[in-house]
Amino acid sequence: VQLVESGGGQVQPGESLRLSCKVSGLDDSTYVIGWWRQALGKEREFVAARDWNGHITEYAASVNGRFILSRNNAENVNLQMNGLKAEDTAVYYCAALAGGSWQRAADYDSWGQGTQVTVST
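Residues numbered from 1 in each chain as written. Predicted model: local features only at pLDDT ≥ 70, side-chain atom pairs only at ≥ 80, totals over all residues. Heavy atoms only, no water.

Draft legend 1. Seen up close, the environment of Val 117. Residue placement: Val 117 occurs in strand β11 (residues 115-119). Judged by its relative accessible area of 0%, Val 117 falls in the buried class. Setting aside residues up to four positions removed in sequence, Val 117 forms contacts with Gly 8, Gly 9, Leu 17, Leu 19, Met 81, Asp 88, Thr 89, Ala 90 and Tyr 92. (Helix = DSSP H or I, 4+ residues; strand = E, 2+ residues; numbered from the N terminus. Buried < 20%, exposed > 50% of the residue type's maximum accessible area, 1.4 Å probe, protein only. Contact = heavy atoms within 4.5 Å.)

The following block contains the structure:
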């Protein structure tokens, strides 16, 4: 499975940004696609995840109600980020999980290269 993120950038607090994850080589609909983030000097943090068919979605408490995870076609899983805060600043990664815990980074099988999101005045 290959994943490529796009859509990062710099915005001001309160603004919105949409990240996209292009997924290819996925031949099993039981996969889960997750979004993670890593701020400078901190551990990688779970953001959100959904099963490929979209029946279940999980969000971290820190983003629940502000971020929306969706799949808009056969290839792209998007993360709509609203009401951005300075503490959302991080490199954002999408990843594919074949089996295991949705909120444990070590269980994910494939990772994208990441895209930087910076929230500042």
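Draft legend 2. Local environment of the state of the cysteines. This structure, assessed with the given rule, holds one disulfide. Sulfur-sulfur distance for the disulfide between Cys 21 and Cys 94 comes to 2.1 Å. With the S-S bond torsion at 70 degrees, the cross-link from Cys 21 to Cys 94 turns out right-handed. Highlighted residues: Cys 21 in strand β3 (residues 17-24) and Cys 94 in strand β9 (residues 90-97), separated in sequence by 73 residues. Assessed through its relative accessible area of 0%, Cys 21 is described here as buried. (Disulfide = S-S within 2.5 Å.)

Draft legend 3. Spatial organisation of the nonpolar core. Ranked by internal contacts, the top residues of the largest apolar core, which has 35 residues, are Trp 35, Leu 79, Met 81, Tyr 92 and Tyr 108. Sorting the residues of this core by element identifies β3, β4 (32-38), β5 (45-51), β7 (67-71), β8 (76-81), β9 and β11 as the ones contributing at least two each. Examining the composition of this core, we find that six residues originate from one element, β9, more than from any other. Non-local contacts of Leu 79, meaning those with residues more than four positions away in its chain, are made with Leu 17, Arg 18, Leu 19, Trp 35, Val 47, Ala 48, Phe 67, Ile 68, Leu 69 and Tyr 92. (Core = buried A, V, L, I, M, F, W, Y, C linked by side-chain atoms within 4.5 Å.)

Draft legend 4. Local environment of the packing of aromatic side chains. Overall, the coordinates contain five aromatic pairs when judged by the stated rule. Judged by centre distance (5.5 Å) and plane angle (80 degrees), the rings of Trp 36 and Phe 46 are edge-to-face. Of this pair, Trp 36 sits in strand β4 while Phe 46 sits in strand β5, and the two are ten residues apart along the sequence. Each member of the pair Trp 36 and Phe 46 is classed as buried. With 6.3 Å between their ring centres and 80 degrees between their planes, Tyr 93 and Trp 111 make a pair best called edge-to-face. Of the two residues, Tyr 93 sits in strand β9 while Trp 111 sits in strand β10 (residues 110-111), which places them 18 residues apart along the sequence. Judged by its relative accessible area of 29%, Trp 111 is partly exposed. Here the aromatic cluster, defined as three or more aromatic residues joined through ring pairs, consists of Trp 36, Phe 46, Tyr 93, Tyr 108 and Trp 111. We note Arg 44 situated over the ring of Tyr 93; from NZ or CZ to the ring centre the distance is 4.0 Å. Here the basic side chain of Arg 71 rests over the ring of Trp 52, its NZ or CZ set 4.0 Å away from the ring centre. (Phe/Tyr/Trp six-rings, centres within 6.5 Å; stacked < 30°, edge-to-face > 60°. Lys NZ or Arg CZ within 6 Å of the ring centre and 35° of its normal.)

In short, the description is geometric, and any link to function would need to be established separately.
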